[in-house]
Amino acid sequence: MNKKDVANIRKQFKVDNDLLKVTEIFNVYIMKETSEIYHQQSQPFEMLDQDQQELFMNNFKKVLTGQMDEKLFELKFQRDAENNSQLILHQGLLSSNTEEWKEQMLLIVEKMLQDKQYEMDIVVTFIRGEYLKPMKRRNEETEESERDAVYSHSFILCSINKTQDPKKELLFDYVEKEFKYNIVVDPIINLNAPIAGFLFPCFTDNAADVNHILYSAGKANELGFEFSEKVLNAQEAITAEEDKFVFEEIVKDVTGGQLNTSTLANVYEEINHVVEENEGEETPKLGHKEVERVLKMSGLEEVNVEKVEAAFQKVTDDEKYELKASNIMPKYNAKSIKIDTKVAKISISPQDLKYVRQVNFNGKRCILIEVEEDTVIEGFTMIPEAFN
């Protein structure tokens, strides 16, 4: 799934939406002390009152929120894994009744509890439903509805949420006219920040892909080996942060660790072209040949394919390693590049990096920033100073 596929299904998670119908919800409460199931409850989603439905719908949206390869990861299932979660989820998806579905979901919960001690009580929520995606947009001229022809997909979504102790509060009783200490012992389920979750199957190009699962991590760039590989039986994946580190190490190895700002600006501009040219399609990847082309186009003429291939082998131990272009590219139109010096911290966008230079002035290293307007500091307009 790419970010467009995820956005399409995420925006459908709202109450009374005929394009996404949640049929059943299954909640499992797990105690931290014993790592055992304390309570479980299954019911039709429509039996919840509307306020509860809204709370859960917002929670499910949060599971599907985040940048790909940072918070959201499309993972491929391992082959021939013991007690395979792919098979469990697929059987759950095809279950004809609630009891069969619950039985399969409890198998996933059992895998979560194997050799795992949670720091707090947690609630694991499973839903299953149907996602409808129109085959074409509404035609205003012919009054043809976008719902006349749709792709229909069954899905399972899991959301894992921690509990927290209720707040200690002082209340004022209007009737008795007295202050009272509010005593609440029931734990609060924090639906605003899921600690993990997943969507099965993945949806790509309007087709369901049961060989992949969309995993949602609790924190950015923390994939969580125990859950992704041990519970879901997914293959190892690379985070955006790891891809970016690999790219930086490869470029450092090829260039000797030194670049001027104009060359670095050109590198980001070339990568951004690759991303824009493939927008809406499968995420473009850069192998050693593509990286060599990017570096040459950026002005590093002494670079050759052998040198880049050797750098790939040295850094990744795999000359065929491919980097996702979107992972190694700072947000192009945002101030995503941080320049940290002893006297100042500067934030700048990759497209504006060309206006920054490191120069030697009177024997001292200085950062020179080209500006088109007067510089204003604390309301004072600075007077241009001549170099001596």
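Keep in mind that what you see is a predicted model, and the values were worked out from it rather than measured.

J.: An account of the environment of L259 is requested, with residue identities and associated values reported.
T.: If you trace the backbone, L259 turns up in the loop between α6 (240-255) and α7 (261-277). Remark: the alpha-carbon pair of L259 and E373, spanning 114 residues in sequence, is separated by 28 Å.

J.: A description of a negative patch on the surface should follow, citing residues and the corresponding values.
T.: On the surface, a cluster of negative charge is contributed by D16, D49, D51 and E54. Note on placement: E54 falls in helix α2 (residues 50-63).

J.: Break down empty space enclosed by the protein for me, with residues and values.
T.: In this structure the tally under the stated criterion is 1 cavity of 30 Å³ or more. Roughly 60 Å³ of volume is contained in the largest cavity. Together, M1, D5, N8, Y131, K133, H153, F203, T204, D205 and N206 line the largest cavity. Counting only elements with at least two residues in the lining of the largest cavity, the list comes to α1 (3-10), β4 (122-134) and β10 (202-204). The class makeup of the residues in the lining of the largest cavity is 3 nonpolar, 4 polar and 3 charged.

J.: Residues and numbers for the nonpolar core, please.
T.: Counting residues in each nonpolar core, the largest one holds 35 residues, and the members touching the most others are V124, F126, F198 and Y215. Setting aside anything within four residues of it in sequence, one finds Y215 in contact with K71, L72, F73, L75, A196, G197, F198, L223, G224, F227, S228 and L232. Within the second largest apolar cluster, 30 residues are counted, among which are I271, Y321, M329 and Y332.

J.: Account for the side chain of T263, naming residues and giving values.
T.: Among the structural elements, T263 can be located in helix α7. We classify T263 as buried; its relative accessible area is 10%. Contact partners of T263, with chain neighbours within four places excluded, come to S298 and L300.

J.: Kindly report on helix α3 (residues 85-94), identifying the contributing residues and their values.
T.: Counting along an α-helix, one turn takes 3.6 residues, and residues three or four places apart therefore face a common direction. Buried within α3 we find S85, Q86, I88, L89, G92 and L93. Angular distribution of buried residues about the axis of α3 spans 165°; they occupy a single face of the element. With respect to the buried face of α3, the exposed residues turned more than 90 degrees away are L87 and L94. Here the buried face of α3 lies against α4 (98-113), β4, β5 (150-164), β9 (196-200), β12 (212-217) and α5 (225-231). The distance from a side-chain oxygen at the start of α3 to the backbone nitrogen of Q86 is 2.8 Å, and the residue carrying that oxygen is N84.

Cut-offs used in this document
Residues numbered from 1 in each chain as written. Predicted model: local features only at pLDDT ≥ 70, side-chain atom pairs only at ≥ 80, totals over all residues. Heavy atoms only, no water. Helix = DSSP H or I, 4+ residues; strand = E, 2+ residues; numbered from the N terminus. Patch = residues over 30% accessible without salt bridge, like charges linked within 9 Å, V, L, I, M, F, W, Y side chains within 5 Å. Areas by Shrake-Rupley, 256 points an atom, 1.4 Å probe, with all protein chains shown as cover. Salt bridge = Lys/Arg side-chain N within 4 Å of Asp/Glu carboxyl O. Lys, Arg positive; Asp, Glu negative; His and termini not counted. Charge placed at Lys NZ, Arg CZ, Asp CG, Glu CD. 1 Å grid on protein atoms, 1.4 Å probe; cavity = no way out; pocket = protein on both sides within 12 Å on 5 of 7 lines; lining within 4 Å. Points joined across faces, edges and corners; volume = space filled by probe spheres on them. Nonpolar A, V, L, I, M, F, W, Y, C, P; charged D, E, K, R; others polar. Core = buried A, V, L, I, M, F, W, Y, C linked by side-chain atoms within 4.5 Å. Buried < 20%, exposed > 50% of the residue type's maximum accessible area, 1.4 Å probe, protein only. Contact = heavy atoms within 4.5 Å. Arc of directions from axis to C-beta. Polar contact = N/O pair within 3.5 Å; in protein donor to acceptor, adjacent residues only side chain to side chain.

Geometric values such as these leave the question of function open.
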